[in-house]
Amino acid sequence: DEELSEDGVRRWIHDLEKGNSPRSIGRHLDAIRAYFQFKGLTLNIGSPFFVRKLPRWLSQTEWARLLDVTIRPLYDPKASEQARYRALFNRAALLVYGGSGLRLTEGITLRRDKVDPRGFLTVIAKGGVEQVRIAPDEVIAAVQDWVVAYTEWERQDSPWVFPGKTPDRHIDRGSMQNLLMKMV
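Residues numbered from 1 in each chain as written. Predicted model: local features only at pLDDT ≥ 70, side-chain atom pairs only at ≥ 80, totals over all residues. Heavy atoms only, no water.

Trainee: I tried to follow the pairing of strand β2 (residues 120–124) on my own but got confused; where do I start?
Mentor: Look at any regular strand and the pattern is simple: side chains alternate between the two faces of the sheet. Taken together, the two bridges between strand β1 (residues 115–116) and β2 define a ladder with antiparallel strand orientation. Bridging across to β2, Val115 finds its partner in Leu121. Counting the residues between successive antiparallel strands, the hairpin from β1 to β2 contains three residues, one of them, Gly119, with a positive phi of roughly 110°. Across five bridges, β2 lies against strand β3 (residues 130–134) in antiparallel orientation. Each bridged residue has a counterpart across the sheet, and for Ile124 the counterpart in β3 is Glu130. Hairpin remark: β2 followed by β3, antiparallel, with five residues in the connecting loop; positive phi at Gly127, about 80°. (Pairing = 2+ DSSP bridges. Helix = DSSP H or I, 4+ residues; strand = E, 2+ residues; numbered from the N terminus.)

Set out below in structure tokens:
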């Protein structure tokens, strides 16, 4: 079966190269490798090279503007209580990540009892290792304000700085990521 040969795959990849990025070709190649493996065959074709994109950091001006827009309801006497509640969450989330440099998982799994008012956050880092991170006073204050607001607004307590749908669980990665992306 001609098409299940390395030469057939090479011709297919050559056709894919017209109009597809190296990353897309690599995904197609991974799929065909899995199919070959399923059929008990091996495929000795390397993956295409592609440059990995680095994340873009916000400039100081962009960061200041984002923070200003996010917390504006806190200083607007006409803002609803719900808008102020959301602004406290947004400020805490932005400052935990942008102000203290935590990774997404470190932030969502941050426990209330691991926020030291003296300026330290104890997080579970990569590999499950507990690490202490220095946090500016502004970050600690934003977290404490959010925790108080959550407890009063939701009328329940949680061990997490960012509770999920139920207070006994932290917010999940996807939800926090979506909320942060909406802010940006």
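Alright, that's what it looks like, and here's the rest.
Trainee: What should I look at first to understand the nonpolar core in this one?
Mentor: One broad trend across soluble globular proteins is that nonpolar side chains are buried collectively. One finds Leu121, Trp146, Phe162, Met176 and Leu180 to be the most contacted residues of the largest nonpolar core, which totals 34 residues. Contributing elements (two or more residues each) for this core: α3 (60–71), α4 (81–99), α5 (104–108), β2, α6 (137–154) and α7 (173–183). The contacts of Trp146, once residues within four sequence positions are left out, are Tyr85, Leu88, Phe89, Ala92, Val161, Phe162 and Pro163. Core analysis: the second largest hydrophobic core is formed by nine residues, Ile13, Leu16, Ile25 and Ile45 among them. (Core = buried A, V, L, I, M, F, W, Y, C linked by side-chain atoms within 4.5 Å. Buried < 20%, exposed > 50% of the residue type's maximum accessible area, 1.4 Å probe, protein only. Contact = heavy atoms within 4.5 Å.)

Trainee: Even after reading the chapter, I still don't get the sheet that holds β3, so can you show me in this structure?
Mentor: Where strands meet in a sheet, backbone hydrogen bonds hold them as pairs that are either parallel or antiparallel. The strand order β1-β2-β3 describes an open sheet built from three strands, whose pairing is antiparallel. At either margin of the open sheet sits one strand with a lone partner, and together these are β1 and β3.

Trainee: I'm lost on the pattern of salt bridges in this one. Help?
Mentor: Any two side chains of opposite charge can pair if their charged atoms end up close together. Taken as a whole, this structure holds 11 salt bridges when the rule is applied. Of the charged contacts, one joins Asp30 and Arg33 as a salt bridge, the two residues approaching to 3.1 Å between their closest N and O atoms. Of the two residues, Asp30 and Arg33 are both situated in helix α2 (residues 22–38); the distance of three residues between them amounts to about one turn of the helix. Classification of Asp30 as partly exposed rests on a relative accessible area of 45%. One salt-bridge network, held together by shared partners, links Arg103, Glu106 and Arg133. (Salt bridge = Lys/Arg side-chain N within 4 Å of Asp/Glu carboxyl O.)

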